[in-house]
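Descriptive structure summary
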Amino acid sequence: MAAQSLRFSLSLISPTPTTKQTQASLISPKPYFRISKPIKYSPIRSELSAPATKPLVSNGAVVLKPSANDLELGPVIEIDRVVESDLKENGFRGTRKTKIVCTIGPATCEIEDIEALAVGGMNVARLNMCHGTHEWHRSVIEKIRRLNEEKGFGVSIMMDTQGSEIHMGDLGGASAAKVEHGDVWTFTVRSYESELPERTVSVNYDGFAEDVYIGDELIVDGGMARFEVIQKIGPDVKCLCTDPGLLLPRANLTFWRDGRLVQERNAMLPTISAKDWLDIDFGISEGVDFIAVSFVKSSEVINHLKKYLAANPNDSGTYVISKIENVDSLKNLDTIIEASDGVMVARGDLGAQIPLEQVPSVQKKIVEMCRELNKPVIVASQLLESMIEYPIPTRAEVADVTEVIKQQADALMLSGESAMGMYPFKALSVLRSISLRIEKWWREENCHRPRKLPTATFTSPNIVTNELCTAAASMANKLGADALFVYTKSGYMASLLSQCRPDCPIFAFTPSVSARRRMNLQWGLVPFCLNFPEDDDSTLKKTFAFLKARGMIKPGDKIISVSDKLQSIQVVNVPRE
Ligand SMILES: Nc1ncnc2c1ncn2[C@@H]1O[C@H](COP(=O)(O)OP(=O)(O)O)[C@@H](O)[C@H]1O
Ligand SMILES: C=C(OP(=O)(O)O)C(=O)O
Ligand SMILES: [K+]
Ligand SMILES: [Mg+2]
């Protein structure tokens with residue numbers, strides 16, 4: 001076992017002022033009002049952000065060809081160009097800690113749209129397999145990879161399965177259908193080759209006509225429209241509209257009896273359907289970084305999928321994210337979270353399965369459990385729903401996003417806002433602005449209070465690593481460090497630092513391209529790809545030299561560096577030389 005020393009290079013600490021830049025201009029109240037599609041990014045043509053030459057490695061991600069200068073410095077570093085410019089402009093404290101996931105859809109699938117999202121701060125692009133063909137998704141993935149390779153972005157990819165929910169068909173090509181109070185519609189399990197008859201929708205679940213009873217309430221998309229079942233004729237179920245609204249293609253359906261969600265044979269549907277397995281194979285072959293599993297009910301399916309991934313020679317450690325959106329999942333939260341690599345609070349469907357007023361407390365509980373168990377957590381759905389149609393959010397939406405950031409969730413997610421809304425880039429900009437402002441407020445508000453640090457118990461040898469990270473994060477806060485550095489192979493040690501939610505950003509250096517991509521979902525991590533040699537001291541020096549040459553750090557900045565290998569904490573001021 002490696003020596004367990006705490007090596008404090010205290011002689012190097014000097015009271016040099018830290019980087020302090022005002023955030024006022026960055027997070028003025030209305031920066032997003034001015035942003036219109038696509039944001040043109042002023043290119044930083046360093047050899048790092050825009051390689052003129054072919055990349056050295058091109059397995060989906062890239063290690064840029066070193067310049068003569070880099071070769072002298074030793075390591076070759078891959079940095080997200082947007083983070084790099086953020087750091088230069090706003091200083092360490094000004095970098096955003098809360099990550100952003102954007103769903104890509106018809107409104108954002110062109111390369112210039114994806115580029116505008118990347119520039120606007122998208123950390124992870126989500127592909128919802130409920131919609132689109134493999135061909136469509138492959139072309140989006142190719143565009144993201146191309147932008148990452150050619151323009152130096154670091155966007156990761158998340159595939160989200162359809163799952164076995166009950167949903168309507170695609171409305172025979174119509175983009176929506178209006179239903180009026182008193183209308184009678186037919187919900188049928190028949191499949192229509194040609195046009196659908198008037199006021200008819202198909203349902204994807206064969207047992208639908210058997211499962212529903214006369215008098216049941218049928219709720220579309222968690223309440224976008226409501227019907228009462230009035231008649232059953234073989235495969236056709238006649239329903240009377242009781243709440244008018246809009247039917248959207250493939251909208252989700254739930255049915256309720258005596259005020260309770262009905263779980264008949266539909267509860268036996270597999271979490272991962274045959275279609276989902278094919279989509280998962282597609283995701284593995286495309287090398288996606290995360291697979292989000294819809295309608296998870298228990299940990300078994302997650303363990304099964306993780307085994308399936310591990311047995312696949314093409315898998316490079318894809319993270320499995322459990323979506324909590326099913327009423328059964330709430331009974332098994334702890335085992336589901338333990339088994340998963342991350343969690344999504346999928347409030348859309350969750351709100352259709354439990355009373356709406358319970359959603360905020362369930363969200364809070366899941367976010368807290370994930371923090372305790374050190375799993376990244378995404379809060380998703382309807383964050384800025386009104387921005388699908390309008391260029392500014394409602395005050396209530398701003399308050400909701402603020403609450404998520406105060407809960408210190410790892411990531412926020414846009415769904416319809418970025419997939420098919422009118423203002424995807426403005427919506428992203430709103431999330432970014434709120435994150436920056438609330439994170440700053442939170443730091444200032446809490447700087448004198450003792451922080452709650454993780455209490456999860458770890459078994460040896462993790463306990464040493466855990467204690468090191470907790471101590472390093474606490475020191476970083478007390479000493480007002482500018483950044484934490486962590487040299488990590490798998491990303492685990494970086495995740496422990498992130499779990500402590502320190503005031504400063506965590507620069508996580510990893511030799512693994514896939515680990516770097518996965519760190520994109522974790523609070524406060526600034527991932528870098530770096531082939532660090534064995535000797536830790538020289539690695540730190542070389543990292544400093546490299547980052548200084550890029551203008552990302554400057555002499556006097558206080559860095560706290562942690563290394564798993566040496567099991568050490570170093571406090572270092574960036575030297576002049
Ligand atoms: N790949 C896609 N192709 C076409 N439309 C999409 C795609 N992804 C998302 N959308 C559209 O954006 C809407 C919001 O996305 P999302 O919330 O992910 O899906 P859903 O509404 O099915 O839960 C979808 O209802 C759909 O209209
Ligand atoms: C994120 C969710 O899942 P999907 O958009 O796939 O329905 C949700 O239900 O909130
Ligand atoms: K989905
Ligand atoms: Mg859902």
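In this text, all values refer to a predicted model and were calculated from it rather than measured experimentally. (Residues numbered from 1 in each chain as written. Chains lettered and ligands numbered in written order. Predicted model: local features only at pLDDT ≥ 70, side-chain atom pairs only at ≥ 80, totals over all residues. Heavy atoms only, no water.)

With that settled, consider the overall build of the protein chain. Secondary structure summary: the protein chain contains 17 helices and 23 strands in total. By residue count, 59% of the 577 residues in the protein chain fall in the buried class. When contacts within the protein chain are restricted to residue pairs at least 6 apart in sequence, those whose partners lie at least 24 apart make up 71%. (Helix = DSSP H or I, 4+ residues; strand = E, 2+ residues; numbered from the N terminus. Buried < 20%, exposed > 50% of the residue type's maximum accessible area, 1.4 Å probe, protein only. Contact = heavy atoms within 4.5 Å.)

Surveying the vicinity of ligand 2 reveals the residues Arg126, Asn128, Lys323, Glu325, Met344, Ala346, Arg347, Gly348, Asp349, Ser381 and Met413. Measuring from an oxygen atom of ligand 2, one finds a side-chain N or O atom of Lys323 at 2.9 Å. Computed on the free molecule, ligand 2 has an accessible area of 290 Å², of which 86% lies beneath the protein chains in the complex. Taken together, the elements giving at least two residues each to the shell around ligand 2 come down to strand 3 (124–128), strand 16 (342–346) and helix 9 (347–353). It is helix 9 that provides the largest number of residues to the shell around ligand 2, a total of 3 residues. Looking at the shell around ligand 2, its residues break down into 3 nonpolar, 3 polar and 5 charged. (Near = heavy atom within 4 Å. Polar contact = N/O pair within 3.5 Å; in protein donor to acceptor, adjacent residues only side chain to side chain. Areas by Shrake-Rupley, 256 points an atom, 1.4 Å probe, with all protein chains shown as cover. Nonpolar A, V, L, I, M, F, W, Y, C, P; charged D, E, K, R; others polar.)

Tracing the sequence through the fold places Thr200 in strand 7 (residues 200–202). In this structure the side chain of Thr200 is engaged in a polar contact, spanning 3.3 Å, whose partner is the backbone oxygen of Pro197. Among the polar contacts listed, one links the side chain of Thr200 to the backbone oxygen of Glu198, at a separation of 3.0 Å. Apart from residues lying up to four places away in sequence, Thr200 is in contact with Trp185, Thr186, Thr188 and Tyr192.

Let us look at the sheet that holds strand 9 (residues 225–233). Sheet strands pair by backbone hydrogen bonding; their relative direction is either parallel or antiparallel. The strand order 7-6-10-9-8-12-13 describes an open sheet built from 7 strands, whose pairing is mixed. Every other strand in the sheet has two partners, leaving strand 7 and strand 13 (260–261) as the edge strands with one partner each. Pairing between strand 6 (residues 184–188) and strand 7: 3 bridges, direction parallel. Opposite Thr188, over in strand 7, you have Ser202 as the bridge partner. (Pairing = 2+ DSSP bridges.)

Partitioning the protein chain into structural domains gives domain 1 (97–164 + 269–446) and domain 2 (171–268). One C-alpha centre belongs to domain 1, the other to domain 2, and the line joining them spans 28 Å. The interface is formed by 11 residues belonging to domain 1 together with 12 residues belonging to domain 2. Between domain 1 and domain 2, the buried area comes to about 970 Å², and carbon and sulfur atoms account for 49% of it. In terms of surface lost to domain 2, no three residues of domain 1 exceed Leu269, Ala352 and Gln353, which account for 49% of the buried area on that side. Summed over the shared surface of domain 1 and domain 2, the result is 0 salt bridges. At the junction of domain 1 and domain 2, the tally comes to 3 residue pairs in polar contact (both at pLDDT 80 or more). (Domains from an automatic or database assignment. Buried area = accessible area lost by both parts, 1.4 Å probe. Salt bridge = Lys/Arg side-chain N within 4 Å of Asp/Glu carboxyl O.)

Taken together, Asn128 (OD1), Asp160 (OD) and Thr161 (O) make up the protein donors of the potassium ion (ligand 3), found 2.7 to 2.9 Å from the metal. A spacing of 5.4 Å is found between the potassium ion (ligand 3) and the magnesium ion (ligand 4). In terms of burial, Asp160 and Thr161 fall into one category: buried. (Donors = N, O, S within 2.8 Å, 3.2 Å for Na, K, Ca; no water.)

Before going further, it helps to spend a moment on the state of the cysteines. Here the structure, examined in full by the defined rule, presents 0 disulfides. Unpaired in this structure, Cys102 has its nearest cysteine sulfur neighbour in Cys109, at a distance of 14 Å. You can call Cys102 buried: its relative accessible area is 0%. Cys130 takes part in no disulfide bond, and the closest cysteine sulfur, belonging to Cys109, lies 17 Å away. Cys130 gets classed as buried once you look at its relative accessible area, which sits at 17%. (Disulfide = S-S within 2.5 Å.)

Taken from the UniProt record, the annotation "domain: Pyruvate kinase barrel" (unreviewed entry) applies to residues 96–427. Annotation note: span residues 96–427, helix share 32%, strand share 24%, distance between end C-alpha atoms 16 Å. (UniProt positions renumbered as here; feature names shortened; annotations may be inferred.)

A few words now on helix 2 (residues 81–90). Of all 10 residues in helix 2, 8 are buried; the element is thus mostly enclosed. Residues of helix 2 that are buried include every one of Arg81, Val82, Val83, Glu84, Ser85, Asp86, Leu87 and Asn90, and no others. On its buried face, helix 2 sits against strand 1 (77–79), helix 3 (111–120), helix 4 (134–151), helix 13 (424–446), strand 20 (506–510) and strand 21 (525–530). N-capping of helix 2 is provided by Asp80, with a side-chain oxygen placed 2.8 Å from the backbone N of Val82. Of the residues flanking the end of helix 2, it is Gly91, one or two places downstream, whose phi is positive at about 75 degrees.

Right, let's get into the site of ligand 1. Neighbouring ligand 1 are the residues Thr103, Ile104, Pro106, Arg126, Asn128, His131, Trp136, His137, Ser415, Gly416, Ala419 and Met420. Between ligand 1 and Asn128 there is a distance of 2.7 Å, counted from an oxygen atom to a side-chain nitrogen or oxygen. The side chain of His131 places a nitrogen or oxygen atom 2.7 Å from an oxygen atom of ligand 1. Considered on its own, ligand 1 offers 530 Å² of accessible surface; in the complex 73% of this is hidden by protein. Of the residues contributing to the shell around ligand 1, the split by class is 5 nonpolar, 6 polar and 1 charged.

This next bit is on the packing of helix 3 against helix 13. For the pair helix 3 and helix 13, the least separation of the axes is 10 Å and the interaxial angle reads 10 degrees. Considered as vectors, helix 3 and helix 13 are oriented roughly parallel to each other. For the pair formed by helix 3 and helix 13, the contact residues are Asp113, Ala116, Leu117 and Gly120 on the first element and Pro424, Phe425, Leu428 and Arg432 on the second. (Axes fitted to C-alpha atoms, helices over the stretch in contact; angles between N-to-C directions. Parallel < 35°, antiparallel > 145°, perpendicular 65-115°, else oblique.)

Of all hydrophobic cores here, the largest spans 68 residues; its most connected members are Ile366 and Leu384. Among the elements that make up this core, the one with the highest residue count is helix 13 (7 residues). Look past the residues within four positions of Leu384 in its chain and what remains in contact with it is Pro393, Glu397, Val401, Leu414, Glu417, Ala427, Val430 and Leu431. Phe208, Val212, Val229 and Phe255 belong to the second largest nonpolar core, which has 26 residues in total. (Core = buried A, V, L, I, M, F, W, Y, C linked by side-chain atoms within 4.5 Å.)

Let's shift gears to the pairing of strand 2 (residues 99–103). With 5 of 5 residues buried, strand 2 lies mostly within the body of the structure. Alternating positions in strand 2 separate into two faces, Lys99, Val101 and Thr103 on one and Ile100 and Cys102 on the other, with burial throughout. Direction of pairing for strand 2 relative to strand 18 (residues 411–414): parallel, over a ladder of 4 bridges. Within the sheet, the bridge partner assigned to Val101 lies in strand 18 and is Met413. Examined bridge by bridge, strand 2 and strand 3 share 3 bridges and lie parallel to one another. Of the residues in strand 3, the one forming a bridge with Val101 is Val124. One crossover worth recording links strand 2 to the parallel strand 3 by way of helix 3, and it is right-handed. (Right-handed = clockwise from strand over helix to strand, strands pointing away.)

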